[in-house]
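The chain contents come next:
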Number of protein chains: 2
Amino acid sequence: MSISDSSGLDRNSFWDSLFGAESIAVIGAKDVVGSWGHDALRAALNSTDGVKRQVYAVNPSLREILGVTSYNSVLDIPGTVELAIIVVPANIVPEVLRQCARKGVKAAVIVSAGFGEVDEAGARLEAEIVDIARRGGIRFIGPNCIGHADMYSRLASAAVAGRVKPGPMALLSQSGTLGASIMQTAASVGIGLSKFVSTGNEADLHLEDYLEYLAQDENTRIIAAYIEGLREGRRFFNLAKEITLQKPVVVMKAGSTGGSGRAARSHTGALAGSDAIYTAAFRQTGVIRTEDEEELCDTVLALLSQPLPRGDRVAILTMGGGFGVVTSEDCEKEGLKIAPLEPQTLEKLNGVLPPRWSHGNPIDLVGIRPSAGDTTVVSCFRFLMEDGNIDGVISLLPPMVTSHGGIGNFDPGQLRAMQMESRKVLSDLNRQLKPYGKPLYMVGRFSQQVRHSADDTSFRVEDTIPEYSHPRRAARVMRYLAWYRRYLEARK
Amino acid sequence: MSISDSSGLDRNSFWDSLFGAESIAVIGAKDVVGSWGHDALRAALNSTDGVKRQVYAVNPSLREILGVTSYNSVLDIPGTVELAIIVVPANIVPEVLRQCARKGVKAAVIVSAGFGEVDEAGARLEAEIVDIARRGGIRFIGPNCIGHADMYSRLASAAVAGRVKPGPMALLSQSGTLGASIMQTAASVGIGLSKFVSTGNEADLHLEDYLEYLAQDENTRIIAAYIEGLREGRRFFNLAKEITLQKPVVVMKAGSTGGSGRAARSHTGALAGSDAIYTAAFRQTGVIRTEDEEELCDTVLALLSQPLPRGDRVAILTMGGGFGVVTSEDCEKEGLKIAPLEPQTLEKLNGVLPPRWSHGNPIDLVGIRPSAGDTTVVSCFRFLMEDGNIDGVISLLPPMVTSHGGIGNFDPGQLRAMQMESRKVLSDLNRQLKPYGKPLYMVGRFSQQVRHSADDTSFRVEDTIPEYSHPRRAARVMRYLAWYRRYLEARK
């Protein structure tokens, strides 16, 4: 990939310090559980697990926090400090930054709020800290953010990212809470993260800087972002136009209505701009725009494991007519076509299905209950993938046979066993269908009932078939990804 | 309520037999686990727990199933049989029904498929069984359905309803699978059911008959329905117009697009009709139309515990600006107004909040972390409810303080403890805010992370504040219910 380095950033210095520092000072560390200063120190200390990394606390009123000596200032720390995490009141940040510059700190994360997002005085203070940092050779995240994390180097200033497992998705967020919410959703469906940045007010580093950096980051296969407003819109879209050819960029952009735009301005001072302009620019640069956290993660799941659909013609496989009706409706509302099957597909299906099946698309198996080891359903998938009229399949068949005899809740042991069985069936199926180069999307409840565990390293979403809780979600993913494939082909 | 009994049904006979029979024959019972005949017998046998009820199996090829003697025919059963659950092949149903008539069976549930939904011959067979039943004095559910259940009398022919707890919502479904899906969603958020009917082809009893019956059913406070097409549209809407003044009717209507309408016709033979006509008729008769299972249950949760909003002016309370932006956008997209606060509300909030709060709506507490026992947040809720500009509040504050230090997953014990604490906080809050007569909707992840247990009788959703996983869902519920209140006031 060739992306012009318009920012003049030196990739071998502060980025390495930001995401992999070997020495960290938490300035404004506190001993009050639940305070930002406590969370930040805890996050930093967690990042020393099995990693060569020194963490120092700075707070003149305390002698020790969480078992770590507390220094009066960063200048009193005996060793070098590469990265500073700053959690002091806004009016003290300038002095702290000056001390950091003298100490030789290369990068900082300024969690502190009370700058440009508040009032004019705050904006002046923000300009001042940018000036101090520039002259002192410090690049920084924030202010007014919840921190950052690198799940591979295990470095984190955001406590909230502490238990997220390493994986292929980088996340940039112009809101801390939304970033946390997206991470939570991602974790719940098994998506691991490479890096996370809560960009805050973007006084120094802009969303565009992170985007450019992540384009080159080997651990990042997909870039996700929550956006309220871009400071360098033209640069963002120039970058995106190149990046989306190599790595999907999936965004959630807020602020499309009047009140939400006003709320965005008072939140991080971002100028939301015309939403229509954003929409057009996303489309022209191959950026996939999703509506909420769930859709964002739904789309990422499909990008990770399924081929992009060649078009918008869908086959729907179901075990009950009602689901066929609802899914047809959802697909058509999303602009997908319920394609007629080829005559030879009908014949092939007649060969394996009992006579009462629907003889058309949706393919309704009408109450058939496939038993374990039965290959009928796999054959149906194959026949549909071989059909030249079909670009992708949405399946409402359960991934496995359950004879649980009722709705309600299962005990954790039962759920665990069902999940394990379901995962095996899905990954086997994914392997068998891979040669066809067409996507399969499952609709089921398993992904909702069983949360993915951060410690569960035996399972990779890349190896399975995505499961969505509702057909609408599968339909929307197929619409987005058929569009993305058309975009990529037009750019060839 | 005065609803004209246009159907001429005698409520003291077959309805009692359908939902509370003391003797049941499962005709076509099977010993193959996972078969419909096995499921139906299992469901029927479960309904004898602690209830005076006799269940018989009928299958000439077997001598015993699940510990129950299997008879050659219903005529061989020694005692009386009030209700027959019929799970035999379609072509045998006429003979089985004749035998039932001779036996004095009052009501039947015909699970068997292969009638009007298949072809012309099936339609003729369907007409024949209606004729036999009419002449034999039998009223029946189906055919081509998954059965029914009464959660209070504990009678069930649908195995899928076996673990659903008793509660205030009746559910009618023109699709078995969708019915099951709605029940599963309801169970997962803690909504109990009064009765469930999978209406199937509605050869004899129509959706309108059940609706009329449920209007009088004391255990039913809310009627929910999944509809593909109405056989007696005029009657449905005449009934609905009266019922919605007393009991909310919440529907999910499918088949609004071309392909889904075709799929509906081949599913249960329903004529979907023009979706626009349905939409207009729902609006004219006070029926709340929702888009999917989640929305349906979201709406029911709010109906059960919160007052209806007097209008569409909303206050948004949040702990992070990003959520304020997203929620404002969701509210405005749903047509709600982000109302300006009254001057005295601003003053009251200034009195309890630290200076950095947003001083407007959305009310952003900006990183405040209320501790357990802190009454600041409760005061905020009170001040907003006292504001004459506000009709309802959406809160993105966590219901309780958690210091879990990260995203990811908790062990079941931790989750259980957090759930219990959260429930207590929410029910206390609900009690405190009740006098204001305005609704509060919470947005949080708890309802997703912790599934409600069917056995958990200590908790009633009626006593708590509904929690939704996304602000859009709260906004939509408020839109629906503000409309419903306007409708009711216009009808006064």
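What comes next concerns the included structure. Keep in mind that this is a model prediction, so the values were computed, not measured. (Residues numbered from 1 in each chain as written. Chains lettered and ligands numbered in written order. Predicted model: local features only at pLDDT ≥ 70, side-chain atom pairs only at ≥ 80, totals over all residues. Heavy atoms only, no water.)

Cis geometry marks the peptide bond from Gly-142 of chain A to Pro-143 of chain A, where omega comes out at -5°. Considering the arrangement of structural elements, one finds Pro-143 of chain A in the loop between strand 7 (139-141) and strand 8 (148-150). Going from Asn-361 of chain B to Pro-362 of chain B, the amide bond is cis rather than trans, its omega being 5°. By secondary structure assignment, the location of Pro-362 of chain B is in the loop between helix 12 (343-352) and strand 17 (363-364). With a phi angle near 65°, Arg-154 of chain A is a residue other than glycine that sits in the positive phi range. The backbone of Leu-66 of chain B sits at a positive phi, close to 50°, despite the residue not being glycine. For Leu-66 of chain B, the position within the fold is in the loop between strand 3 (64-65) and strand 4 (68-71). By relative accessible area, Leu-66 of chain B is classed as partly exposed at 43%. (Helix = DSSP H or I, 4+ residues; strand = E, 2+ residues; numbered from the N terminus. Buried < 20%, exposed > 50% of the residue type's maximum accessible area, 1.4 Å probe, protein only.)

Below, the discussion takes up the pairing of strand 10 (residues 166-173) of chain B. Taking burial as the measure, the eight residues of strand 10 of chain B include seven buried ones, the bulk of the element. Note that the unit made of strand 10 of chain B, helix 5 (residues 176-189) of chain B and strand 11 (residues 193-198) of chain B has a crossover that is right-handed. (Right-handed = clockwise from strand over helix to strand, strands pointing away.)

Counted by the stated rule, this structure contains 58 salt bridges over all chains. Between Glu-22 of chain A and Lys-52 of chain A there is a salt bridge; the shortest N-O distance is 3.3 Å. A residue pair is termed long-range when its members are at least 10 positions apart, and Glu-22 of chain A in the loop between helix 1 (14-20) and strand 1 (23-27) and Lys-52 of chain A in the loop between helix 2 (36-46) and strand 2 (54-58) qualify at 30 residues. One salt bridge connects Glu-386 of chain B with Lys-348 of chain B, and the closest N-O pair in it is separated by 2.8 Å. With Glu-386 of chain B in helix 13 (residues 376-386) and Lys-348 of chain B in helix 12, the pair connects residues that are 38 residues apart, well separated along the chain. A residue is classified by how much of its surface remains accessible, and Glu-386 of chain B, at 39% relative accessible area, is partly exposed. (Salt bridge = Lys/Arg side-chain N within 4 Å of Asp/Glu carboxyl O.)

Residue and element names in this part refer to chain A. Judged by how many residues are buried, strand 12 (residues 222-227) sits mostly within the fold: six of six residues are covered. Residues of strand 12 alternate between two faces, with Ile-222, Ala-224 and Tyr-226 on one and Ile-223, Ala-225 and Ile-227 on the opposite face, all of them buried. Of the pairings in the sheet, the one linking strand 10 (residues 166-173) to strand 12 comprises five bridges and is parallel in character. Within the sheet, the bridge partner assigned to Leu-171 lies in strand 12 and is Ala-224. Relative to strand 13 (residues 249-253), strand 12 is paired through five bridges, and the arrangement is parallel. Among the inter-strand pairings, Tyr-226 is bridged to a residue of strand 13, identified as Met-252. Once the chain exits strand 12 it traverses helix 7 (residues 233-243) before rejoining the sheet at strand 13, and the crossover so formed is right-handed. (Pairing = 2+ DSSP bridges.)

This part covers helix 13 (residues 376-386) of chain A. The buried count for helix 13 of chain A comes to nine of eleven residues, which makes it a mostly enclosed element. Those residues of helix 13 of chain A that sit buried are Thr-376, Val-377, Val-378, Ser-379, Cys-380, Phe-381, Phe-383, Leu-384 and Met-385 of chain A.

All names here are of chain B. By the element assignment, Cys-297 lies in helix 10 (residues 293-305). As a C-alpha pair, Cys-297 and Met-183 span 114 residues in sequence and 9.2 Å in three-dimensional space. Residues within four places of Cys-297 in sequence aside, it is in contact with Ile-182, Thr-185, Ala-186, Val-189 and Ile-191. (Contact = heavy atoms within 4.5 Å.)

Among the nonpolar cores identified, the biggest contains 114 residues, and Phe-196 of chain A together with Phe-196 of chain B are the most heavily contacted of them. Excluding its chain neighbours within four sequence positions, the residues that come into contact with Phe-196 of chain A are Ile-146, Gly-147, His-148, Ala-149, Met-151, Ala-158, Ala-161, Leu-171, Ser-173, Gly-179 and Met-183 of chain A. If you look at the next biggest cluster of nonpolar residues, it comprises 50 residues, including Leu-205, Tyr-210, Ala-225 and Val-251 of chain A. (Core = buried A, V, L, I, M, F, W, Y, C linked by side-chain atoms within 4.5 Å.)

Residue and element names in this part refer to chain B. Ordered by their spatial adjacency, seven strands build an open sheet running 9-8-11-10-12-13-14, and the pairing between neighbours is mixed. Bordering the open sheet on either side are strand 9 (155-156) and strand 14 (288-290), each of which pairs with just one other strand. With five bridges connecting them, strand 10 and strand 11 associate as parallel partners. Counterpart to Leu-171 in the pairing with strand 11 is Phe-196. Against the sheet, helix 5 touches strand 10, strand 11, strand 12 (222-227) and strand 13 (249-253), its axis set at about 160° to strand 10. Each of strand 12, strand 13 and strand 14 touches helix 9 (residues 275-285); the most contacted strand, strand 13, lies at about 170° to it. (Axes fitted to C-alpha atoms, helices over the stretch in contact; angles between N-to-C directions.)

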